[in-house]
Amino acid sequence: MTRLTRLFAALKEKREGALVAFVTAGDPDPETSLAVLRAMIEAGVDIIELGVPFSDPTADGPVIQRSSARALAQGMTLEKTLALCRSIRRESDVPVVIFSYYNPILAMGGRRFYEESVRSGADAVLVVDLPPEESRELLDQWSGNRLDFIRLVAPTTPTERMAAIARDASGFLYLVSMTGVTGSAGLDLEEVAATAARLKHVAALPVCVGFGISQPEHVSAVCRTADGAVVGSAFERLIEEHLTAGDLPERIARYASALKAATRLL
Amino acid sequence: MNPTTASRPVSAPSFGAPVQFSPDPRGHFGPFGGRYVAETLMPALLALEAAYESARTDPAFHEAFHALLNEYAGRPTPLTFARRLTAHCGGARIYLKREDLAHTGAHKINNTLGQALLARRMGKTKVIAETGAGQHGVATATAAALFGMECRVFMGTEDVKRQAPNVRRMELLGARVVPVSSGTGTLKDAMNEAMRYWVSAVRDTFYVIGSVAGPHPYPMMVRDFQRVIGDEARRQILEREGRLPDALIACVGGGSNAMGLFYPFLEDPVGLIGVEAAGEGIDTGKHAATLGAGSIGVLHGSKSYVLQDPEGQIREAHSISAGLDYPGVGPEHAWLKESGRARYVAVTDAQALGAFRTLSTLEGIIPALESAHAVAYAMEEAARRSPDEILIVNLSGRGDKDLGIVFRDL
C-alpha cells in the first residue's frame, strides 16, 4: 500500500477530506521554504504538492508566476526541489507530489527523473502540461511503478474523456475547479459539485479539487463532494506578503490549521 | 486525420498535392510537435482540430479564404527579379517574393484571414493574439475589424516600447492591446499570457496564433494558410524561368513565412535554407538561433528546439528584429532540420542591418528587419553560386515599422 492509498483510507475512516498544500519549492529561498513546509506538516496538512519553478508557467496565475520567479532567482532547480523533498521525507511520512511543467523533467531525462524522485521519497508526480496524449513518452522511461502519476481533469473535459483519463491515472485525480489559471477568482461551488459528481461516477480514484480555493468555506464545501481540496496561490500570497517577516512559518501554520479544520466533516 | 488526405486539393489551387511531411494524427512531425498543454486546454484544442478538419475539406471554405486573399489582401503578391542586387552579388539570380506588398505590409495577413474565417465558422465572436513586432497583432486586428469581432492583443512591455507605431495601428483598428510585463516582457511572455487568457475565455474566444508554433493543430493550420506564398512562387518562377529555383531562403523566428514558402517545394529538388537571428553573435549568447544553437525542449504546447539552460528553464532570446526574438521555433522546422531536408543558418544584427541598407539603395525596397536576415544570407549564397542558378528570397514584410530602430543603430 502506498502512502497515498493509506492516507485516503485513513481519512475516509475519520470522515475527513484531504488538505493538499501547494508550495513552490525554494520560494523565497530554500531555507525558508523548508521552514514553511515544516509548519504546514505540523499544522496537519495531508499532502504536500511541491512545485518545481519554471520560467514559463502558462497554467499559473500571477501569484504562482511570481513565486516561481523568486525561486528561480535563488537558483532553484528540479534537482534541488527533489533535495527539498528528501529533507521533508527525513522528518515526516506526509505524501509528497512533485508538481512540474514538462520541460525541466525533459531536460533531466525521464529515466533519471523517476529514479531521483523515488530516491527522494516522492510519492507521485503531476506534470501539468503532459496530457494523456503525450504522457506515454515519459511513463515508458520509468523503470518501476513506485511513483503515482496524477492526472488533471477540467470542467470542460467530456465525461468519456474523464473515464479514459481516470483509467490511466494513479494516486488521485486532480479536478481543476474552473476554466482558468491557478489563483483565479470566481469559484463556483455548485458547478464544482456537479463536475466532481460527474467525475466520481466514472472514476474509482480519490478526487481532489484545486484552482481558486483559498478559504475554509471553500474547503469544507469541496470536501463534501470530493475527497480533498488543493490550496496553492493562497499560501503563496501569504509568503509573498511576508517575505521578510520572521513569523512567516507561524502565519502559514495558522492558515493551514484553519483550512485543515474545514476538512473535518464530523 | 489521415496524412494522405491531410492536404488533398479541394477547389482552390492553393491547397495542393499531399506532402509526406504532414503531421501524424496527433500533430507530431517526427519526434516534434504534439500537444503539451494542461487538460484545461485540451477540449478546446480537440474542438479546434475537428473544426479545422471540416473546414480544410470544405470547398466553400477554400473559396471564401481565397476570395479574401485576392480581393482584400491583394494577392497574388509579385515575384520580383532583383536585377541590381543580383549584379551586386555577382552570382545566382535573386528573386524576391513580395509579401511586403500584401495588405498590412507582411505575410501575417494570410494566416489571420484564414483563422478569422475559421473562428466565424466555429461561432466565436472574439479573437485574441500574441504579438512580438506587432505585425501579427496588426494583421489580427485587421481581420477582426473586417469580421466585426472583438480583438485583444497581448504584447510584451518591451515590444510595446520598441514597436510603438504598431500599437497605435492596432488601437486604431479597434483592438485592445494588453501589455505583458511578466518574464522578459517579450513575445514568449505575450504568448504565455494569451494562453492563460484563452483558458478562461475559451467558450466564445478564438486564439489566433501567429506562427507555425504552439500545440497541434496550429503548426499545421498556420502552415496551410501560409502555403499560398510557396504555391504562388512556384507557379511564378515556372512561368518566368521555365524551371524550379535552386534554393529558397527565408528568415525563421517561429517560422511561418519560411514554412509557407518551403511547404509546396518539399518534394522538389530545391534547397531550403532557413535564416535565424544570430543577434550579437552566437558565441555572445545574445541571439535567437534556436535551431542552430538550441536543444530539444517543450515550450508553448509543442516539442521542438528551444533556447534553454541545462535545467530546462527557457532562456531569453535576442535579436534586433522583434519578430525573430523568440526562444522557440515551429516543430515542422525542427523536423526539416532533423531529417536533413532543410538547413538552417544564422545572420547577425549587423549583417541584417547591412542588407537592410543594401536592398533599400539597390532595389528601392525597404525590407522588414526580419526579412533583411534572409536577404543578408541570400547575398552570400548568391555570390557562391553561378549565374545559371536561381534563388528565391521571401521578402516577408516591409521595413517602415523598423525605421526607428534602424536609425538608432545604423
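Residues numbered from 1 in each chain as written. Chains lettered and ligands numbered in written order. Predicted model: local features only at pLDDT ≥ 70, side-chain atom pairs only at ≥ 80, totals over all residues. Heavy atoms only, no water.

S.K.: Could you clarify how one ought to interpret the overall build of chain B in this entry?
M.R.: Looking only at helices and strands, one finds 16 helices and 15 strands in chain B. Since a compact globule built from 410 residues should have a radius of gyration of about 22 Å, the 19 Å found for chain B is in line with a globular shape. In terms of its C-alpha atoms, chain B occupies a principal-axis envelope of roughly 55 × 45 × 40 Å. By residue count, 66% of the 410 residues in chain B fall in the buried class. When contacts within chain B are restricted to residue pairs at least 6 apart in sequence, long-range pairs at least 24 apart make up 73% of them. Per element, the accessible surface of chain B, about 13,100 Å² overall, is 51% carbon and sulfur. (Helix = DSSP H or I, 4+ residues; strand = E, 2+ residues; numbered from the N terminus. Rg over C-alpha atoms; globule rule 2.2 N^0.38 Å. Buried < 20%, exposed > 50% of the residue type's maximum accessible area, 1.4 Å probe, protein only. Contact = heavy atoms within 4.5 Å. Areas by Shrake-Rupley, 256 points an atom, 1.4 Å probe, with all protein chains shown as cover.)

S.K.: Can you walk me through the sheet that holds strand 8 (residues 205-208) of chain B in this structure?
M.R.: Residue and element names in this part refer to chain B. The sheet built from four strands is open, its strands ordered 7-6-5-8 with parallel pairing. The two strands at the open ends of the sheet, each matched to only one other strand, are strand 7 (176-180) and strand 8. When strand polarity is set aside, the average angle formed by the axes of neighbouring strands in this sheet is 25 degrees. Summarising the sheet, strand 6 (residues 150-156) and strand 7 pair through five bridges and their orientation is parallel. (Pairing = 2+ DSSP bridges. Axes fitted to C-alpha atoms, helices over the stretch in contact; angles between N-to-C directions.)

S.K.: Can you help me understand the interface of chain A and chain B in this one?
M.R.: Frequently, the measure chosen for interface size is the accessible area that the parts lose on association. Each side of the interface is counted separately: chain A has 37 residues, and chain B has 34 residues. Where chain A abuts chain B, roughly 2,800 Å² becomes buried across the two surfaces, and 53% of that area is made up of carbon and sulfur atoms. Counting the contacts that link chain A with chain B gives 18 residue pairs in polar contact (both at pLDDT 80 or more). Contributing elements (two or more residues each) for the side of chain A that touches chain B: helix 3 (62-73), helix 5 (102-108), helix 7 (132-139), strand 6 (151-153) and helix 8 (159-168) of chain A. Of the residues in the side of chain A that touches chain B, the class split is 21 nonpolar, nine polar and seven charged. (Buried area = accessible area lost by both parts, 1.4 Å probe. Polar contact = N/O pair within 3.5 Å; in protein donor to acceptor, adjacent residues only side chain to side chain. Nonpolar A, V, L, I, M, F, W, Y, C, P; charged D, E, K, R; others polar.)

S.K.: What's the story with the confidence of the model for chain B in this structure? I'm lost.
M.R.: Detailed reading of predicted coordinates is not advised where the pLDDT is low. Residue and element names in this part refer to chain B. Per-chain confidence: chain B averages 93 in pLDDT, with 94% of residues scoring 70 or above. Counting contacts from residues 1-20, a segment whose pLDDT is below 50, to residues more than four positions away or on other chains yields 56 contacts. Across the predicted assembly, pTM comes out at 0.95 and ipTM at 0.96. (pLDDT = per-residue confidence, 0-100.)

S.K.: In this structure, what is going on with the packing of helix 1 (residues 42-56) of chain B against helix 9 (residues 218-226) of chain B? I would like to understand it.
M.R.: Residues and elements named next belong to chain B. Running from N to C, helix 1 and helix 9 cross one another at 30 degrees; their axes reach a closest spacing of 11 Å. It follows from the interaxial angle that helix 1 and helix 9 lie roughly parallel. The handedness of the crossing between helix 1 and helix 9 is left-handed. For the pair helix 1 and helix 9, the contacting residues are Leu-45, Leu-48, Tyr-52 and Arg-56 in the first and Tyr-218, Met-220, Met-221, Arg-223, Asp-224 and Phe-225 in the second. Residues belonging to the contact of helix 1 with helix 9 are distributed by class as follows: seven nonpolar, no polar and three charged. (Parallel < 35°, antiparallel > 145°, perpendicular 65-115°, else oblique. Left-handed = near helix turned anticlockwise from the far one by under 90°.)

S.K.: Sorry, what's going on with the sheet that holds strand 7 (residues 173-176) of chain A here?
M.R.: Either a parallel or an antiparallel arrangement is found when strands of a sheet pair, and the pairing is made through backbone hydrogen bonds. Residues and elements named next belong to chain A. The nine strands lie next to each other as 5-4-3-2-1-9-8-7-6, forming an open sheet whose pairing is parallel. A strand with exactly one partner marks an edge of an open sheet, and here the two such strands are strand 5 (148-149) and strand 6. Where strand 1 (residues 18-24) lies against strand 2 (residues 47-51), five bridges are found, and the strand directions are parallel. Directly across from Phe-22, in strand 2, lies its bridge partner Glu-49.

S.K.: For this particular structure, what's the right way to read unusual backbone geometry?
M.R.: As a rule of thumb, non-glycine residues mostly have phi less than zero, and peptide bonds are mostly trans rather than cis. All names here are of chain A. Cis geometry marks the peptide bond from Asp-27 to Pro-28; its omega dihedral reads -5 degrees. Relative to the helices and strands, Pro-28 resides in the loop between strand 1 and helix 2 (30-42). Positive phi values are uncommon outside glycine, yet Arg-15 reaches one of about 55 degrees. Mapped onto the fold, Arg-15 is located in the loop between helix 1 (3-14) and strand 1. Residue Arg-15 is classed as partly exposed on the basis of its relative accessible area, which comes to 48%.

S.K.: Sorry if this is basic, but what is going on with a nonpolar patch on the surface here?
M.R.: Judged by side-chain polarity, B:Ile366, B:Leu403 and B:Phe407 come together as a nonpolar surface patch covering roughly 290 Å² of accessible area. Take B:Ile366: it is sitting in the loop between helix 14 (349-363) and helix 15 (369-384). (Patch = residues over 30% accessible without salt bridge, like charges linked within 9 Å, V, L, I, M, F, W, Y side chains within 5 Å. Salt bridge = Lys/Arg side-chain N within 4 Å of Asp/Glu carboxyl O.)

S.K.: What is the right way to look at the packing of aromatic side chains in this model?
M.R.: Given two aromatic rings, one states the distance between the centres and the angle between the planes to describe the pair. A complete count under the given rule lists 17 aromatic pairs over all chains for this structure. A centroid spacing of 6.1 Å and a plane angle of 80 degrees characterise the contact between A:Tyr174 and A:Phe211, whose relative ring orientation is edge-to-face. You can see A:Tyr174 sitting in strand 7 and its partner A:Phe211 sitting in the loop between strand 8 (207-210) and helix 10 (216-225), a full 37 residues away along the chain. When sorted by exposure, A:Tyr174 lands in the same class as A:Phe211, which is buried. Pairwise contacts between aromatic rings join B:Tyr52, B:Phe61, B:Phe65 and B:Phe225 into one cluster. Directly above the aromatic system of B:Tyr263 lies the positively charged group of B:Arg223, at a separation of 3.8 Å from the ring centroid. In this structure, B:Arg234 packs its charged tip against the face of B:Phe265, placed 5.9 Å from the ring centre. (Phe/Tyr/Trp six-rings, centres within 6.5 Å; stacked < 30°, edge-to-face > 60°. Lys NZ or Arg CZ within 6 Å of the ring centre and 35° of its normal.)

S.K.: What should I look at first to understand the pairing of strand 4 (residues 124-127) of chain A in this one?
M.R.: It is a general feature of regular strands that their side chains alternate between the two faces of the sheet. All names here are of chain A. Of the two faces of strand 4, both are covered, the one formed by Ala-124 and Leu-126 as well as the one formed by Val-125 and Val-127. As paired strands, strand 3 (residues 96-100) and strand 4 are joined by four bridges and run parallel to one another. Along strand 4, the bridge assignment pairs Phe-99 with Leu-126. In the sheet, strand 4 pairs with strand 5 via two bridges, with the strands oriented parallel. By the bridge assignment for strand 5, Val-125 is matched with Phe-149.

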